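Chain by chain, the residues run as shown.
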Amino acid sequence: MTTPVIGVLALQGDVREHLVALAAADAVARPVRRPEEVAEVDGLVIPGGESTTISKLAALFGVLEPLRARVRAGLPVYGTCAGMIMLADKILDPRSGQETVGGIDMIVRRNAFGRQNESFESAVDVRGIDGDPVEGVFIRAPWVESVGARVEVLAEHDGHIVAVRQGNALATSFHPELTGDHRVHALFVDMVHANRATES
């Protein structure tokens, strides 16, 4: 099977780091900014950044609705930090006008672990990731307040849910792209491969 093409939503946030991590996990990685680029990828990463800004820019660039449609149709998608917020069906404390892509039946609390100066790193055991725990980098990170019946909880930190999966959608509160450990991205690439196999 050919190498999957995985986009990184390149409107705001740590885009370059995700492109590097995806390439290291044996995917063809490319930035996505336009509606036609959403249609050309086998999977998509929504990076960390500022979720309200990403939401507004996605609407401004015309990619929000095409992305929602593809996620509803089963496009594999992975969100980190702000990307997790973008994949939530509901935000507990949204900013005015803030929208999400949706796709995971969860309620997310923004900035739940504190402000920028309260950022921290911690080892996180992630279900589906073999070997040592993943080093989680938490930067103004959200956590998941609650999940629906179809959501699999993959990791918790201090009693709070920090990684989830629902079907082809994956989300983490933390930033694995900042650590040089590409196992979470490899898990997502495996999800993309599996989805392509079912479609072919």
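Whatever comes next refers back to the structure up there.
To keep things clear, this report deals only with the structure shown in the data block.

So, how was this worked out
For every chain, the first residue of its written sequence is number 1, and the numbers climb from 1 along that sequence. Confidence filtering applies because this is a predicted model: local features only for residues at pLDDT of at least 70, side-chain atom pairs given and counted only at 80 or more, and all residues used for totals across whole chains, interfaces and linings. Hydrogens and water molecules were not included; the side-chain quantities draw on all heavy atoms of the structure. Numbered from the N terminus, helices here are DSSP runs of H or I no shorter than four residues, and strands are runs of E no shorter than two. For the purposes of these results, a polar contact is taken to be a pair of N or O atoms within 3.5 Å, where, inside protein, one atom must be able to donate a hydrogen and its partner to accept one; residues adjacent in sequence count only when each atom of the pair is a side-chain atom. Here, residues are in contact when the closest pair of their heavy atoms is within 4.5 Å. Only one rule defines a salt bridge in this text: a Lys or Arg side-chain nitrogen within 4 Å of an Asp or Glu carboxyl oxygen. Here's how the labels work: a residue is buried when its accessible area is under 20% of the maximum for its type, exposed when over 50%, partly exposed in between, all with a 1.4 Å probe on protein chains only. Two strands are counted as paired when DSSP detects at least two bridges linking them. Relevant arc is that of directions from the helix axis to the C-beta atoms, nothing else. Within 6.5 Å between ring centres, the rings of Phe, Tyr and Trp (the latter by its six-membered ring) count as paired, and their orientation is classed by plane angle as stacked under 30 degrees, edge-to-face over 60, tilted in between. What we call a nonpolar core is a set of buried Ala, Val, Leu, Ile, Met, Phe, Trp, Tyr and Cys residues that are connected through their side-chain atoms within 4.5 Å.

### Quick notes on the side chain of Ser 55
The residue Ser 55 is located in helix α3 (residues 51-60) in this model. A polar contact is formed between the side chain of Ser 55 and the backbone nitrogen of Glu 99, at a distance of 2.9 Å. Apart from the residues lying within four places of it in its own chain, the contact partners of Ser 55 are Met 86, Gly 97, Gln 98 and Glu 99.

### So, the pattern of salt bridges
Where charged atoms of side chains with opposite charge meet at close range, the side chains can pair. Counted by the stated rule, this structure contains eleven salt bridges. Here Glu 50 ties to Arg 110 by a salt bridge, and the two come within 3.8 Å at their closest N and O atoms. Here Arg 110 lies in the loop between β6 (104-109) and β7 (120-124) and Glu 50 lies in the loop between β3 (43-46) and α3, a separation of 60 residues in the sequence. The class for Glu 50 is buried, based on a relative accessible area of 15%. Owing to a relative accessible area of 9%, Arg 110 belongs among the buried residues under this scheme.

### Overview of the pairing of β3
The side-chain alternation of β3 yields two buried faces, one formed by Gly 43 and Val 45 and the other by Leu 44 and Ile 46. Where strand β1 (residues 5-9) meets β3, three bridges bridge the pair, whose relative direction is parallel. Counted as the bridge partner of Ile 6 is Gly 43 from β3. By the bridge criterion, three bridges tie β3 to strand β4 (residues 77-80) in an arrangement that is parallel. Paired with Ile 46 across the strands is Gly 79, a residue of β4.

### Topic: α3
Three or more residues of α3 are buried, namely Ser 51, Thr 52, Ile 54, Ser 55 and Ala 58. Along the axis of α3, the buried residues cluster in a sector spanning 165°; they form a single face. Elements in contact with the buried residues of α3: β1, α4 (64-72) and α5 (82-87). Where α3 begins, one side-chain oxygen reaches toward the backbone nitrogen of Thr 52, 3.0 Å away; that side chain belongs to Glu 50. Just downstream of α3, Gly 62 is the residue with a positive phi angle, here 80°.

### A word on the packing of aromatic side chains
Summed over the entire model, instances satisfying the criterion amount to six aromatic pairs. Seen in terms of ring centroids, Tyr 78 and Phe 188 are 5.8 Å apart; in terms of plane orientation they differ by 45°. Their pairing is tilted. Here the residue Tyr 78 occupies a position in strand β4, and Phe 188 occupies one in helix α6 (residues 183-199), the gap between them amounting to 110 residues. Taking the centre distance of 5.6 Å and the plane angle of 55° together, the rings of Phe 138 and Phe 174 count as tilted. Note that Phe 138 is positioned in strand β8 (residues 134-138) and Phe 174 in the loop between β12 (169-172) and α6, a separation of 36 residues in sequence. The exposure class of Phe 174 is buried, given its relative accessible area of 0%. Grouped by ring-pair contacts, the aromatic residues Phe 113, Phe 120, Phe 138, Trp 143 and Phe 174 constitute a single cluster.

### Describing the nonpolar core
Within the largest apolar cluster, 33 residues are counted, with the highest numbers of intra-cluster contacts made by Ile 46, Leu 67, Ile 104, Met 106 and Val 164. Looking at this core element by element, the count peaks at five residues for α5. Residues contacting Ile 46, with those up to four places away along its chain left out, are Leu 9, Leu 67, Val 77, Tyr 78, Gly 79, Thr 80, Gly 83, Met 86, Leu 87 and Val 101. In terms of nonpolar packing, the next biggest core, distinct from the first, is built from 31 residues, Ala 27, Ile 129, Val 189 and Val 192 among them.

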